[in-house]
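The lines below spell out each chain.
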Amino acid sequence: MLFAGLQNQMVAQLNTNREFIEHPGSKGDSLENAWIDWLRNYLPNRYSVDKAIVIDNDGNTSHQIDIVIYDNWFTPFIFSQNGFHYIPAEGVYAVFEVKPDIGGTSDGKPNIQYAAEKIESVRLLKREAASFINGGIKFPPRPLTKIVGGILCNTNSFTHKNNNTIISHLKDNSGLKSIDMGCVADYGSFFVNYEPNEEINVAGQDAYLDFYKNRIYKEIKFSKTENSLVTFFMQLTRYLQQAIGTIPAINLQSYLDEIGEQIDEQI
């Protein structure tokens, strides 16, 4: 009953925003804020959630991302300017595109493809892990973690109200554009299984890029409509806590290299 109440509350909020806010930009902001607030309310405090642009130590930037789930403990510098957050790529756990309708279009592209290109713009960024200390013992840099990519929507307007159309669009995006999971509030949530699907076990950017290049689609699993939000949330939480755990420590020196400065590692 509790899960059903939370589900109905969120669906009602999303539908109200969609129905009564007329200006497209305001409607988009309202939907994004509703999802951000929901994730902030229910994810553990160790995870920060914001609209953001992701940056790397070479000065490259992602597209503007509707929802970034990120670490602000091992990634100590988050820049804010004119209402925008700029988050180092090393701190990112997951990114999501928010759309009213999974069957709609943006800039002439299907929303699923549009989301996939946004996700790719984050995964392309360079990340450098550093050694870290745990329990007084120094450990070498851990392998880079996957960055979860997904799409969050109110509804599904595809002509055929079955999973096949969504599956077809998801399968069109592979490699760095591959989508891991999503939620359509009044239709159902889904997550995609790929092979290989385990975490990356070799350190470095090349191993990370090779992982995405080589992984292939296996299957997609959908939830029941009435369980869309809770199954999405549980799947996301399982990934964050039981697959990643903690992201690799950021290599701060790689950012100072761009301005010709040096960290004193003896301090």
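Cut-offs applied
Residues numbered from 1 in each chain as written. Predicted model: local features only at pLDDT ≥ 70, side-chain atom pairs only at ≥ 80, totals over all residues. Heavy atoms only, no water. Salt bridge = Lys/Arg side-chain N within 4 Å of Asp/Glu carboxyl O. Helix = DSSP H or I, 4+ residues; strand = E, 2+ residues; numbered from the N terminus. Buried < 20%, exposed > 50% of the residue type's maximum accessible area, 1.4 Å probe, protein only. Pairing = 2+ DSSP bridges. Axes fitted to C-alpha atoms, helices over the stretch in contact; angles between N-to-C directions. Contact = heavy atoms within 4.5 Å. pLDDT = per-residue confidence, 0-100. Core = buried A, V, L, I, M, F, W, Y, C linked by side-chain atoms within 4.5 Å. Disulfide = S-S within 2.5 Å. Phe/Tyr/Trp six-rings, centres within 6.5 Å; stacked < 30°, edge-to-face > 60°. Lys NZ or Arg CZ within 6 Å of the ring centre and 35° of its normal.

## What to know about the pattern of salt bridges
Scanning the model with the defined rule gives 13 salt bridges in all. Ionic pairing is found between aspartate 180 and arginine 123, a salt bridge with its closest N-O pair at 2.7 Å. Of the two residues, aspartate 180 is situated in the loop between helix H4 (163-171) and strand S11 (181-184) and arginine 123 in helix H3 (residues 111-123); the sequence distance between them amounts to 57 residues. Look at arginine 123 and you get buried, because its relative accessible area is 0%. Lysine 221 is the partner of glutamate 219 in a salt bridge, and the nearest nitrogen-oxygen pair spans 3.9 Å. Look at glutamate 219 and you get partly exposed, because its relative accessible area is 28%. Accessibility expressed as a relative area gives 39% for lysine 221, which makes it partly exposed.

## Quick look at the sheet that holds S11
Adjacent strands of a sheet pair through backbone hydrogen bonds, lying either parallel or antiparallel. In space, the nine strands of this open sheet follow the order S3-S4-S1-S2-S5-S10-S11-S12-S13, with mixed pairing throughout. Both outer strands of the open sheet, strand S3 (79-81) and strand S13 (216-222), are each paired with one neighbouring strand and no more. Within the sheet, the average angular offset between the axes of one strand and its neighbour, ignoring direction, is 35°. Set on the sheet, helix H6 (residues 228-244) makes contact with strand S1 (47-55), strand S2 (61-71), strand S5 (92-101), strand S10 (148-155), S11 and strand S12 (188-195); between it and S11 the angle comes to about 160°.

## Here we look at H4
Those residues of H4 lying buried are Thr165, Ile166, Ile167 and Leu170. Residues of H4 that are buried make contact with H3, S12 and S13.

## Details of the environment of alanine 52
Along the chain, alanine 52 falls in strand S1. Distance in space between the C-alpha atoms of alanine 52 and aspartate 206 is 25 Å, their sequence separation being 154 residues.

## Observations regarding the confidence of the model for the protein chain
Here the protein chain shows a mean pLDDT of 87. Residues at 70 or above account for 91%. For the protein chain, helix H1 (residues 2-20) is the element with the lowest average pLDDT, namely 65, and H3 is the one with the highest, namely 98.

## Structural notes on the pairing of strand S4 (residues 84-88)
The pairing of S1 with S4 spans four bridges and is classified as parallel. Its bridge partner lying in S4, alanine 52 is registered against histidine 85. Remark: two residues form the turn of the hairpin made by S3 and S4, two consecutive strands paired antiparallel; asparagine 82 in that turn has positive phi of roughly 55°.

## Observations concerning the nonpolar core
If you look at the biggest cluster of nonpolar residues, it comprises 37 residues, and the most contacted ones within it are Val68, Val92, Val95, Ile102, Leu170, Ile179 and Phe190. Within the residue set of this core, elements represented by two or more residues are S1, S2, S5, H3, S10, H4, S12 and helix H5 (205-214). Broken down by element, this core gets its largest block of residues, five residues, from H3. In terms of nonpolar packing, the next biggest core, distinct from the first, is built from 31 residues, Val11, Leu14, Tyr47 and Tyr239 among them.

## A closer look at unusual backbone geometry
Of note, the bond from glutamate 195 into proline 196 is cis; its omega dihedral lies within 30 degrees of zero at -5°. Relative to the elements of secondary structure, proline 196 occurs in the loop between S12 and H5. Its identity as a non-glycine residue notwithstanding, aspartate 107 has a phi of 50°, on the positive side. Residue placement: aspartate 107 occurs in the loop between strand S6 (105-106) and strand S7 (109-110). Accessibility expressed as a relative area gives 67% for aspartate 107, which makes it exposed.

## So, the state of the cysteines
Going through the model one piece at a time under the given rule, you end up with zero disulfides. Unpaired in terms of disulfides, cysteine 153 finds its nearest cysteine sulfur in cysteine 183, a separation of 8.6 Å. Residue cysteine 153 is classed as buried on the basis of its relative accessible area of 0%.

## Points about the packing of aromatic side chains
Scanning the entire structure with this criterion turns up ten aromatic pairs. Measuring from centroid to centroid gives 5.6 Å for phenylalanine 96 and phenylalanine 232, while their planes differ by 80°, and the two rings are edge-to-face. One end of the pair, phenylalanine 96, is in strand S5; the other, phenylalanine 232, is in helix H6, with 136 residues separating them in the sequence. Taking the relative accessible area as the measure of exposure, phenylalanine 96 reaches 1% and is therefore buried. The residue whose ring lies beneath arginine 127 is tyrosine 208, and the NZ or CZ to ring-centre distance is 4.5 Å. Directly above the aromatic system of tyrosine 194 lies the positively charged group of arginine 215, at a separation of 4.0 Å from the ring centroid.

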